[in-house]
Amino acid sequence: MALTDTLARADADFAAGRIPMARTRLRGLVQAYPASAEVRRRLAEIYRLYGEPAQAGRWMYLEEDRDPVETAAFEDRYDLPARRMRALAWRGHESLAGSAFAEAQLTAVRTACAESLGRAVDWDTFTGEEEEPDTGGVRRVAGCAGTFLLVAAFVAIWVNGLVDLFD
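Analysis parameters
Residues numbered from 1 in each chain as written. Predicted model: local features only at pLDDT ≥ 70, side-chain atom pairs only at ≥ 80, totals over all residues. Heavy atoms only, no water. Phe/Tyr/Trp six-rings, centres within 6.5 Å; stacked < 30°, edge-to-face > 60°. Buried < 20%, exposed > 50% of the residue type's maximum accessible area, 1.4 Å probe, protein only. Lys NZ or Arg CZ within 6 Å of the ring centre and 35° of its normal. Helix = DSSP H or I, 4+ residues; strand = E, 2+ residues; numbered from the N terminus. Core = buried A, V, L, I, M, F, W, Y, C linked by side-chain atoms within 4.5 Å. Salt bridge = Lys/Arg side-chain N within 4 Å of Asp/Glu carboxyl O. Axes fitted to C-alpha atoms, helices over the stretch in contact; angles between N-to-C directions. Parallel < 35°, antiparallel > 145°, perpendicular 65-115°, else oblique. Left-handed = near helix turned anticlockwise from the far one by under 90°. Contact = heavy atoms within 4.5 Å. Nonpolar A, V, L, I, M, F, W, Y, C, P; charged D, E, K, R; others polar. Patch = residues over 30% accessible without salt bridge, like charges linked within 9 Å, V, L, I, M, F, W, Y side chains within 5 Å. Areas by Shrake-Rupley, 256 points an atom, 1.4 Å probe, with all protein chains shown as cover.

1. Things to note about the packing of aromatic side chains
At step 1: Counting across every chain of the model gives three aromatic pairs.
At step 2: A centroid spacing of 5.2 Å and a plane angle of 45° characterise the contact between Phe74 and Tyr78, whose relative ring orientation is tilted. Each member of the pair, Phe74 together with Tyr78, is buried.
At step 3: Taken together, the ring pairs in this structure connect Tyr61, Phe74 and Tyr78 into an aromatic cluster.
At step 4: We note Arg66 situated over the ring of Tyr61; from NZ or CZ to the ring centre the distance is 4.8 Å.

Below is the structure:
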């Protein structure tokens, strides 16, 4: 489906109050047309309606007239260069960005990511998995500890009930 047709459908969804559907359409368009500033701006507007400044900042990150508060929220949420690079959902070379500001932003993010990984990266092949911290072990331990505490509390309540029953 063409960009203009899908934008028209997203506008119709938005006008009819089907905001989640409009957001879904626009997210699909960002994947298909990552250089479209119009799609990114519309997606940012929807996230502003949801009160999500980090997501609004994400989709306005390549625009010179972006909101500094939203930009800071995006940079805080996607604090590692690899996370930020993946979140921008860009494909292709930075020169396709359409503005000097967007090109500079993309280059800065890619360069920071390459420096943090110690190797060259590009937008088309980067997955971002290399930079993600492994929190699986911590989550497993926390989950086991929580489960143990719940079982212990249940057993304590059950034993207390039995003691009261036979008193």
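2. Examining unusual backbone geometry
At step 1: A positive phi angle, near 55°, is found at Ala89, a position not held by glycine.
At step 2: Mapped onto the elements of the fold, Ala89 is located in the loop between helix 6 (81-87) and helix 7 (100-117).
At step 3: Accessibility expressed as a relative area gives 12% for Ala89, which makes it buried.

3. Looking at the nonpolar core
At step 1: Counting 18 residues, the largest nonpolar core has Met85, Leu88, Leu106 and Trp123 as the members making the most contacts within it.
At step 2: Contributing elements (two or more residues each) for this core: helix 6 and helix 7.
At step 3: Among the elements that take part in this core, helix 7 stands out by supplying five residues, more than any other.
At step 4: Counting residues in hydrophobic clusters, the runner-up holds 16 residues, among them Ala10, Ala22, Ala44 and Trp59.

4. What to know about the pattern of salt bridges
At step 1: Taken as a whole, this structure holds ten salt bridges when the rule is applied.
At step 2: Ionic pairing is found between Asp11 and Arg42, a salt bridge with its closest N-O pair at 2.7 Å. Within this pair, whereas Asp11 is found in helix 1 (residues 3-15), its partner Arg42 is found in helix 3 (residues 37-49), the two being separated by 31 residues in sequence.
At step 3: Residue Arg42 is classed as partly exposed on the basis of its relative accessible area, which comes to 24%.
At step 4: Three or more residues are tied together by salt bridges with common partners; here these are Asp11, Glu38 and Arg42.

5. Points about the packing of helix 2 (residues 19-32) against helix 3
At step 1: Relative to each other, helix 2 and helix 3 sit at 150°, their axes nearing to 9 Å. Accordingly, the angle class assigned to the pair helix 2 and helix 3 is roughly antiparallel. Like other packed secondary-structure pairs, helix 2 and helix 3 cross with a definite hand, here left-handed. Where helix 2 abuts helix 3, its residues Ile19, Ala22, Arg23, Leu26, Arg27, Leu29 and Val30 lie against Val39, Arg40, Arg42, Leu43, Ile46 and Tyr47.
At step 2: A breakdown of the residues in the contact of helix 2 with helix 3 according to their chemical character gives nine nonpolar, no polar and four charged.

6. Digging into a nonpolar patch on the surface
At step 1: A contiguous nonpolar patch, built from Val151, Phe154, Val155, Trp158, Val159, Leu162, Val163, Leu165 and Phe166 and spanning about 930 Å² of accessible area, is present on the exposed surface.
At step 2: Checked against the element boundaries, Phe166 lands in helix 8 (residues 136-166).
At step 3: Under the relative-accessibility criterion, Phe166 is labelled exposed at 68%.

Structural measurements only, silent on function.
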